Amino acid sequence: MHLTRRDFVKTAAIGTAGILAYRAALREACAFANSGNLTKWIQPLRGIGPGGIPILNPAPDPVFPGTSYYQVTVGEFTDQLHPSLPPTRLWGYWDTTNPVKTHLGGFILARRGTASRIRFTNSLPSQPIIPVDATQLMPSDGLSTNRIATHIHGGFVPWLSDGGPFEWFDPNGLGGPSFSNGPKSVFDNITLQPMVPGQADYFYPNNQSARLLWYHDHAHGITRTNAYAGIATAYLILDAVNDAYVAAGKIPGMASTIPLVFQDKIFVSATTPVTDPSWATIMKPGVQGIGSLWYAHIYDPRLYRLFNGKKTITPPDPSCIPEFYGDTMLTNGTVYPLITVEAKRYRFLLLNACNARVLNLNLFRVATGADVVTDPQTGFAAKGTPIGPQIIHIGNEAGFLLTETTHPNGLPANPATFTGNLLMAPAERADIIIDFTGKAGQEFMLYNDAPAPFPGGAPTNDYYLGNAHNPIQPLPSTGPDTRNVVRIKVVPAITPDPQPAGPILNPLNLDPQPLVPYTTTVAPIPPLAVPAGIPTRQLTLNEAFDSYGRLIQMIGTMAPTAFGFGIPYADPPTEVVAAGSTEAWRIFNLTADTHPIHFHLVNMQVLSRQPFKQVSGVLTPSGAARGPEPDEVGWKETIKMNPGEVITVIAKFDLPAVPFVVPQSPRTGGHEYVYHCHILEHEEHDMMRPLIVK
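All of these numbers come straight from a predicted model, not from anything done at the bench.

Reading the values: the criteria
Residues numbered from 1 in each chain as written. Predicted model: local features only at pLDDT ≥ 70, side-chain atom pairs only at ≥ 80, totals over all residues. Heavy atoms only, no water. Helix = DSSP H or I, 4+ residues; strand = E, 2+ residues; numbered from the N terminus. Buried < 20%, exposed > 50% of the residue type's maximum accessible area, 1.4 Å probe, protein only. Contact = heavy atoms within 4.5 Å. Areas by Shrake-Rupley, 256 points an atom, 1.4 Å probe, with all protein chains shown as cover. Lys, Arg positive; Asp, Glu negative; His and termini not counted. Charge placed at Lys NZ, Arg CZ, Asp CG, Glu CD. Salt bridge = Lys/Arg side-chain N within 4 Å of Asp/Glu carboxyl O. Polar contact = N/O pair within 3.5 Å; in protein donor to acceptor, adjacent residues only side chain to side chain.

Chemist: Got a sec to walk through the overall build of the protein chain? Specific residues and values, please.
Modeler: Summing up its helical and strand segments, the protein chain has 8 helices and 37 strands in all. Judged by the C-alpha coordinates and their principal axes, the protein chain covers about 60 × 60 × 60 Å. Relative to its full complement of 694 residues, the protein chain shows a buried share of 63%. Look at the contacts in the protein chain between residues 6 or more apart in sequence, and 77% of them connect residues 24 or more apart. Looking at the protein chain as shown, the accessible area adds up to about 23,100 Å², and 59% of this sits on carbon and sulfur atoms. Positive and negative side-chain charges of the protein chain, numbering 47 and 53 respectively, have mean locations separated by a distance of 2 Å.

Below, the structure is given as structure tokens:
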């Protein structure tokens, strides 16, 4: 059995401090391709709507009453992401009937009770714009690198509209082993407009409470590269509860609501031919020049641990890597934008759309034109940096919380306790209110200090002015910078709108009500017990090495395998649950990373986290258990699972009602979903397992 990073830590008996030193030593040894020195805060934030990120305009569906019909094309285009860069070549979504093409295009605004049917047309070219590792393409994939599978992240949808990895289709009519929503499918038989090869229909009931969802590509073997290339955008559901909160003055209305989608990327620069000489030989001409997206494609043992066994094979180029961290922050699809707000309250809908980077967001006040200065000794904002107004957290990816909580700002990421201020792993969302009343003339910065990887990251993955570990140094007012995320400038309010005193959320509006009642919502929240009679499933998160000696992350049961406890995604399902049943899952994290585990179909309630120990191969909880964090009180579908802890969650596995007969999956039988880590490099190598509901 291969030695994992967790085994290394245990063998060396070095604990959390050892994890930090070990990860840092692995990642400091080599230069990395980097973006150039792009000037910050010289372009405004792209809003949602005309002149910004387009909102798709639906038509009444001719087949399903009360349904909105959208037509979306997935293709290649260019977009200006920074004034100093040439247009960047991207893959992404646009409205087939009104093809305005922008990064993160295809935003959908839906309402509960009005379903959506979306026809996706795959028009992607055959050559990718991000390096693809052929070792992750299975014969059943047809080796096509322009296949797609649209996943509605957080949707309560039938499995054939879920966009699972094996539900892919390409422009030529080829489909994956689970593809069941294209030509000659149930949709083609009931649709007035017959589908052609390269098309597929998706039906979303939208029978969910108000929340920010997002949809992105999920095709097997290329999810991480397709999403990084730009095939991702937001999907917002509103409902009557949301309307009532607005009418009562509890939360701001849509005119004062601003979605913020965060990404970290690297752009080809003048230094790329030196640091990455093979880039020009593996990529097509249109993505070799300055301003093109760059993505790591060499498994370099100076950066990532490589197991040198007798039977291991030299990793190819391109190769998958353990995690990817960019050096340049984008918000709403552009580099280092400036947000101008009035001196009143605003609602922000945050989405961490990074491939792997965890964000710990604090709001600090900054002088005009200045950034938050990071102290290289402490790794946090310089002492005395004034904090901004508190962040009021009212919801997450599964809707409103049971009750709001506040983040006071000034709280650095804490690797020992896995906490911070507003801590967001990849794919997590946060529905927040910030009140800028009385702040006219002031400027603020959303500042991130989370290590990468979290919690034991290396300083080379953390970009800021003064970090001697960075291979490229930013200049004042320029990047690379992953600390100063987005700048906020406050101007006088035309119509003042302060946040009123008093509670915001009504616990009775949590939809649905919790499976296990809370005894308190005041931190520290005590652990919750699994109700009597509810079965509990035991699972593990694992790390080992593949046949190329590369680190591989996996999910498994408690049964030993060739990968510790890990099981490859393509192996037969082990998580088969009965429709309508309730189960608790206890998941032991045997790795050195915090993994944001995302569940398709269901929302989970977090019950507890607890340290554990391994004695004679048996995993046993030990030490004091604790309950959910205050911003987890309610429902979650992407949940941070920390190293050395076992987390217990509970869910009811209902299936959505739809106006057509849902066939069983031809690959697995039943209703085929998945659950996986949403660090995209982990998900595809190979921290993902089927979730089958029968």
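Chemist: Report on the environment of alanine 370, specifying residues and quantitative values.
Modeler: Relative to the elements of secondary structure, alanine 370 occurs in the loop between strand E17 (359-366) and strand E18 (374-375). Sequence separation between alanine 370 and methionine 445 is 75 residues; the distance between their C-alpha atoms is 9.5 Å. Beyond its immediate chain neighbours, meaning those up to four positions away, alanine 370 contacts Met445 and Arg487.

Chemist: Go over the pattern of salt bridges, please, and point to the residues and values.
Modeler: For the structure on display, the rule yields 30 salt bridges. The salt bridge partner of arginine 537 is glutamate 583, with a shortest N-O separation of 2.9 Å. Of the two residues, arginine 537 is situated in strand E26 (residues 536-545) and glutamate 583 in strand E30 (residues 582-589); the sequence distance between them amounts to 46 residues. No difference in accessibility class separates arginine 537 from glutamate 583, as the two residues are buried. Here glutamate 629 makes a salt bridge to arginine 626, at a shortest N to O gap of 3.8 Å. Relative accessible area serves as the criterion here: at 26%, glutamate 629 is assigned to the partly exposed category.

Chemist: Explain the side chain of glutamine 605 residue by residue, including any values.
Modeler: Inspection of the secondary structure puts glutamine 605 in strand E32 (residues 605-615). Here the side chain of glutamine 605 touches tyrosine 518 through a polar contact of 3.4 Å, side chain to side chain. Here glutamine 605 is in contact with Pro514, Leu515, Val516, Tyr518, Leu528, Gly634, Trp635, Thr648, Val649 and Ile650, once residues within four sequence places are set aside.

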